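# Tertiary structure, described
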Amino acid sequence: AKASMLEEYFGIGIGSREGRVMLLSLPALLEGYKPLPEELPEFLLRLATDTRWDDKEICFHSISKTLADYYALFPEIDEEEGQKGTSSKELQLRAIRYNCFDGILPYAG
């Protein structure tokens with residue numbers, strides 16, 4: 001029942017193959033953006049332990065928050081690989097702006 005609800009409402013596919021429970025899919029929240037694979041175990045742990053399955057409203061809220069937290073993580077940007085004089089934080093903010101608003105809002109850079 002939980003797996004079908006996760007698939008139907010959140011696009012999180014969970015199934016079994018060869019007798020093992022497996023994650024089959026994650027939702028595409030931003031076109032072209034893929035969350036950090038190294039954070040996937042933490043995401044699954046939080047999904048399993050931080051979700052109150054007995055209360056529908058709280059359940060939906062906690063799953064949404066867990067998904068948002070997971071998708072909000074961005075890889076660290078090495079300042080030496082970035083532009084001179086631009087902080088790592090600024091480069092990360094530019095990446096966020098680009099991924100979220102490219103084609104929608106003009107970027108004043």
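Residues numbered from 1 in each chain as written. Predicted model: local features only at pLDDT ≥ 70, side-chain atom pairs only at ≥ 80, totals over all residues. Heavy atoms only, no water.

### Section: helix α3 (residues 56-71)
When the terminal C-alpha atoms of α3 are compared, their 22 Å separation across 16 residues agrees well with the 22 Å that a helix rising 1.5 Å per residue should span. Where the residues of α3 are buried, they touch α1 (2-10) and α2 (40-49). Sitting at the amino-terminal end of α3 is D55, which places a side-chain oxygen 3.2 Å from the backbone nitrogen of E57. (Helix = DSSP H or I, 4+ residues; strand = E, 2+ residues; numbered from the N terminus. Expected span 1.5 Å × (residues − 1). Contact = heavy atoms within 4.5 Å. Polar contact = N/O pair within 3.5 Å; in protein donor to acceptor, adjacent residues only side chain to side chain.)

### Side note on the packing of α1 against α3
Axis separation between α1 and α3 bottoms out at 12 Å; the angle between their running directions is 65°. Classified by the angle between their axes, α1 and α3 sit roughly perpendicular to one another. With respect to the hand of their crossing, α1 and α3 are arranged in right-handed fashion. Across the interface between the two elements, M5, L6, Y9 and F10 from α1 touch C59, F60, I63, S64 and L67 from α3. Partitioning the contact of α1 with α3 into residue classes produces eight nonpolar, one polar and no charged. (Axes fitted to C-alpha atoms, helices over the stretch in contact; angles between N-to-C directions. Parallel < 35°, antiparallel > 145°, perpendicular 65-115°, else oblique. Left-handed = near helix turned anticlockwise from the far one by under 90°. Nonpolar A, V, L, I, M, F, W, Y, C, P; charged D, E, K, R; others polar.)

### A few points about the packing of aromatic side chains
Counting across every chain of the model gives five aromatic pairs. Judged by centre distance (4.7 Å) and plane angle (20°), the ring pair of F43 and Y70 falls under stacked. Note that F43 is positioned in helix α2 and Y70 in helix α3, a separation of 27 residues in sequence. Given the relative accessible area of 2%, F43 is considered buried. Given the relative accessible area of 4%, Y70 is considered buried. Of the aromatic side chains, those joined through ring pairs into one cluster are Y33, F43, Y70 and Y71. (Phe/Tyr/Trp six-rings, centres within 6.5 Å; stacked < 30°, edge-to-face > 60°. Buried < 20%, exposed > 50% of the residue type's maximum accessible area, 1.4 Å probe, protein only.)

### Let's talk about the confidence of the model for the protein chain
In regions of low pLDDT, the predicted coordinates are not meant to be interpreted in detail. When pLDDT is averaged along the protein chain, the result is 78; 67% of the residues meet or exceed 70. α1 holds the highest mean pLDDT among the elements of the protein chain, 93, whereas helix α4 (residues 88-101) holds the lowest, 59. For the stretch residues 101-109, pLDDT sits under 50, and the model shows five contacts to residues farther than four places along the chain or on other chains. (pLDDT = per-residue confidence, 0-100.)

### Brief notes about the pattern of salt bridges
What the rule picks out here adds up to four salt bridges. The partner of D69 in a salt bridge is R46, with the nearest N and O atoms 3.0 Å apart. With D69 in helix α3 and R46 in helix α2, this pair connects stretches of sequence that are 23 residues apart. Residues D54 and R52 are paired through a salt bridge, measuring 3.5 Å at the closest nitrogen-oxygen approach. Here R52 falls in the partly exposed class, since its relative accessible area comes to 42%. Bridged by salt links that share partners, the residues R46, D50, K65 and D69 form one connected network. (Salt bridge = Lys/Arg side-chain N within 4 Å of Asp/Glu carboxyl O.)

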